[in-house]
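The lines below spell out each chain.
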Amino acid sequence: MKKWRQVNPRTRQLPWRSLPLLPAAMVAKRIIPCLDVADGRVVKGVNFVGLRDAGDPVELACRYSASGADELVFLDIAASHQGRATLVELVRRTAEAVTIPFTVGGGISSVEGITELLRAGADKVSLNSSAVRDPALVARGAERFGCQCIVVAIDARARDNGQPGWDVYVKGGRENTGLDAVAWARQVVALGAGEILLTSMDGDGTQAGYALGLTRAVADAVDVPVIASGGAGCIDHIAVALDAGPAGGHASAALLASLLHDGLLTVEQIKADLLRRGLNLRPLASGC
């Protein structure tokens, strides 16, 4: 078992519970492959529909871990609307195979569910539909395990009624909650979320670029890291999403799926290019 996953024998607590959160500006930017899983396979679609098979999750996790990815995100996208528990055994197998931290989400609706996934080997858990249904779950999870372990995933789409802003969707993007994405991000951070995983439903799978307005608005509204998700089509898209300048997305990390799963780019290529541009990233290991 990795050292950061071992329980303190005196307190019976996971070690990160006592670790302070660092300001987002002090943390190196991260490149994070996303493994969306349904029925035990990695899948990818466009705008949350038209899912296609993209490979074995453990195999892909190992590949990305070895290639220099900073973290992984593993989401059981079928669990929330089909009422199934997250695939704990798959989480355990993945945790045993990779050497970097990863987040797992999908169908988590209780502190007991969070505990089970962390014990199985996840470093963080991601709450989405369950946080909307029961916002106090964010607070209970943060109190029990620390803010560092609690990620709130927000799936947002631009309003189509001519009004500015973005609405929060749940149940795999099928249900509009009517919540404002920026206000919801502020609320969950106040409850104890240590990170926001922000997906633009308009950009998901399109490879047309991240939703910079959305990402920037949320990142500027909260004091925790924001992971940009949905729309990466090239390294320029990633660079501008991570850019802290007026036109950038102000994100702390970029989530990638199609670009990597389809072999269009590798983690090594992306990080080498971004490092040449002067972005603050964890350097690639020698030989990568």
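Preceding this section is the structure that the text describes.
The structure contained in this document is the topic of the report that follows. (Residues numbered from 1 in each chain as written. Predicted model: local features only at pLDDT ≥ 70, side-chain atom pairs only at ≥ 80, totals over all residues. Heavy atoms only, no water.)

1. What to know about the environment of Ala 232
1) Next: Along the chain, the position of Ala 232 falls in the loop between strand E11 (226–229) and helix H9 (235–242).
2) Next: With a relative accessible area of 11%, Ala 232 lands in the buried category.
3) Next: Residues within four places of Ala 232 in sequence aside, it is in contact with Gln 207, Tyr 210, His 237, Ile 238, Leu 256 and Leu 259. (Helix = DSSP H or I, 4+ residues; strand = E, 2+ residues; numbered from the N terminus. Buried < 20%, exposed > 50% of the residue type's maximum accessible area, 1.4 Å probe, protein only. Contact = heavy atoms within 4.5 Å.)

2. Quick word on the pattern of salt bridges
1) Next: According to the stated counting rule, one finds 16 salt bridges in the structure shown.
2) Next: A salt bridge links Asp 202 to Arg 157, with the nearest nitrogen and oxygen atoms 3.8 Å apart. Placement of Asp 202 in the loop between strand E10 (195–200) and helix H8 (212–221) and of Arg 157 in strand E7 (residues 150–158) is noted, with a sequence separation of 45 residues between them.
3) Next: Overall, Asp 202 belongs to the partly exposed group, its relative accessible area being 39%. (Salt bridge = Lys/Arg side-chain N within 4 Å of Asp/Glu carboxyl O.)

3. Notes on unusual backbone geometry
1) Next: At Gln 207, a position not held by glycine, the phi torsion is positive, near 60°.
2) Next: Among the structural elements, Gln 207 can be located in the loop between E10 and H8.
3) Next: Looking at Gln 207, the relative accessible area reads 26%, which means it is partly exposed.
4) Next: Positive phi is not limited to glycine here, since His 250 has a value of about 65°.
5) Next: Mapped onto the elements, His 250 comes out in the loop between H9 and strand E12 (253–256).

4. Overview of the environment of Leu 260
1) Next: Structurally, Leu 260 is set in helix H10 (residues 258–261).
2) Next: What Leu 260 contacts, discounting residues up to four positions off in sequence, is Pro 33, Tyr 64, Leu 265, Thr 266, Val 267 and Ile 270.

5. Section: helix H6 (residues 136–145)
1) Next: Listed in full, the buried residues belonging to H6 are Leu 137, Val 138, Gly 141, Ala 142 and Phe 145. When H6 is viewed along its axis, its buried side chains cluster within an angular range of 130° and face the same direction.
2) Next: Looking at the buried residues of H6, the elements they touch are helix H4 (111–120), strand E6 (124–127), helix H5 (129–133), E7 and helix H7 (181–191).
3) Next: Positive backbone phi, approximately 100°, marks Gly 146, located one or two places after H6. (Arc of directions from axis to C-beta.)

6. Structural notes on the pairing of strand E8 (residues 166–170)
1) Next: E8 sits mainly inside the fold: four of its five residues count as buried.
2) Next: With four bridges connecting them, E7 and E8 associate as antiparallel partners. The residue bridging Ala 156 from the neighbouring strand is Val 168, located in E8.
3) Next: As paired strands, E8 and strand E9 (residues 175–180) are joined by three bridges and run antiparallel to one another. Bridging from a neighbouring strand, Tyr 169 pairs with Asn 176 of E9. (Pairing = 2+ DSSP bridges.)

7. A look at the pairing of strand E5 (residues 102–105)
Side chains on a regular strand alternate between the two faces of the sheet.
1) Next: Side chains of E5 alternate between two faces, with Phe 102 and Val 104 and Thr 103 and Gly 105 buried alike.
2) Next: Summarising the sheet, strand E4 (residues 72–76) and E5 pair through four bridges and their orientation is parallel. Residue pairing for E5: Val 73 is matched across the bridge by Thr 103.
3) Next: Pairing between E5 and E6: three bridges, direction parallel. Paired with Val 104 across the two strands is Val 125, which belongs to E6.

Distances and angles like these do not, on their own, reveal function.
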